[in-house]
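Remarks on the overall topology
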Amino acid sequence: MTSTKKALITGITGQDGSYLAELLLSKGYEVHGIKRRSSSFNTARVDHLLSDWHESDARLFLHFADLSDSTSLVKLLYRLAPDEIYHLGAQSHVRVSFDIPEYTGDVTALGTTRLLDAIRESGIPARFYNAASSELFGQATERPQSESTPFRPRSPYGCAKLYSYWMTTNARDGYGLFAVNGILFNHESPRRGEIFVSRKITRAVARILHGLQDNLYLGNLEAERDWGYAPEYVEGMWRMLQQAAPDDYVLATGETHSVREFVERAFAHAGLDWRRHVAIDPQYHRPTEIDCLLGDASKARKKLGWAPQTMFGELVRVMVDADVRMLEDSLSGQAERRMSARAGE
């Protein structure tokens, strides 16, 4: 009888972590996630997964640990001995990394080192996935960017991810760990954090549509990115760890679109004229900008059998519709609570 595979996810409460947890649970895994101690609840993206299981048959478990605390990581790996580790946790906002570069380096760069050292210390034969980023390419010297494109990061976040990338590569080459880097280009969804530009746009569209907001302030509208759909990208992560030998892979759609295009399509989908509501605020400009990121995922297509299904136009529609629906549900709930409160007076 085959035993149940056990996976550990750092960053499980984020966009990718929550989708990955869903995927692994659907494949019969026992899933464990790391969450940080916080004065507020931060598990909204996985609460539905926790509530779907009775205590007797639960297959999703959350543990307190921190990427800045190596002792907590070592203890957790000794206790869990996972078969697969998906390292998604990071300070992942590029613009914010300019404001807190030291913290970004500590968590995003050294956090990977601590986790890799914990694997070596515990001696478990776990397969390790490291979430690299298209930000590694920065002001790239070639288009599109593939696994062989030279790295030229342009932000503290990109530099931290580059350190993380090379530490993962060195753990593979120097210690024989099954360790892979997933170089993922931008991937979005309705679960994207509200401070990221894609979700900032679609959430503003919903609020403007319902008269709760008048203006949306953005930075560089001409920056071009390769935007995909997050649930499909976590499938690629899983496929990387199912291969016979570890390797690094780019995941991307092979299309590039500007922030301006994202704005135009999002507002048009809701029947709004974006020019009446969008303004530029210099505070959202980065000290160093990346003009264009465009990925070549041909290696992933050939070796992993992975290909994007949801392209840019559909992605924008999915996100706008989700934010409009979420806001309408919230407003409806508020109205019902007010009516209940009046009835109880």
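Because the structure is a prediction, the values reported are computed rather than measured.

Definitions and limits used
Residues numbered from 1 in each chain as written. Predicted model: local features only at pLDDT ≥ 70, side-chain atom pairs only at ≥ 80, totals over all residues. Heavy atoms only, no water. Salt bridge = Lys/Arg side-chain N within 4 Å of Asp/Glu carboxyl O. Buried < 20%, exposed > 50% of the residue type's maximum accessible area, 1.4 Å probe, protein only. Phe/Tyr/Trp six-rings, centres within 6.5 Å; stacked < 30°, edge-to-face > 60°. Helix = DSSP H or I, 4+ residues; strand = E, 2+ residues; numbered from the N terminus. Lys NZ or Arg CZ within 6 Å of the ring centre and 35° of its normal. Polar contact = N/O pair within 3.5 Å; in protein donor to acceptor, adjacent residues only side chain to side chain. Contact = heavy atoms within 4.5 Å. Pairing = 2+ DSSP bridges. Axes fitted to C-alpha atoms, helices over the stretch in contact; angles between N-to-C directions.

**Structural notes on the pattern of salt bridges**
Tallying each qualifying case throughout the model produces 17 salt bridges. The residue Arg275 makes a salt bridge to Asp273 at a minimum N-O spacing of 3.2 Å. The exposed category is assigned to Arg275, whose relative accessible area is 63%.

**Topic: the packing of aromatic side chains**
Taken as a whole and judged by the stated rule, the model has 9 aromatic pairs. Considering the side-chain rings of Tyr165 and Trp166, the 5.0 Å spacing of their centres and the 85 degrees angle between planes classify their relative orientation as edge-to-face. The exposure class of Trp166 is partly exposed, given its relative accessible area of 42%. Ring geometry for Phe262 against Phe312: centres 5.7 Å apart, planes inclined by 75 degrees, an arrangement best described as edge-to-face. With Phe262 in helix H9 (residues 259–269) and Phe312 in helix H11 (residues 312–343), this pair connects stretches of sequence that are 50 residues apart. One aromatic cluster is present, formed by Phe137, Phe151, Tyr165, Trp166 and Phe185 through successive ring pairs. Between Lys299 and the ring centre of Tyr249, over which it is positioned, the NZ or CZ distance is 5.1 Å.

**Quick look at the side chain of Glu289**
With respect to the helices and strands, Glu289 occurs in the loop between strand E13 (278–280) and helix H10 (298–304). Within the structure, the side chain of Glu289 is placed 3.3 Å from the side chain of Arg225, a separation counted as a polar contact. Those residues within four positions of Glu289 in sequence are excluded, and the remaining contacts are Gln139, Arg154, Asn220, Ala223 and Arg225.

**Some words on the sheet that holds strand E1 (residues 6–10)**
Pairing in this open sheet of 7 strands is parallel, and the strands run E3-E2-E1-E4-E5-E6-E11 from one edge to the other. With one partner strand each, in any of the chains shown, strand E3 (60–64) and strand E11 (249–251) form the two edges of the open sheet. Averaged over neighbouring strand pairs, the angle between their axes works out to 20 degrees when direction is ignored. Here 4 bridges tie strand E4 (residues 84–87) to strand E5 (residues 127–133), and the two strands are oriented parallel to one another. In the sheet register, Ile85 faces E5, and the bridge partner there is Phe128.

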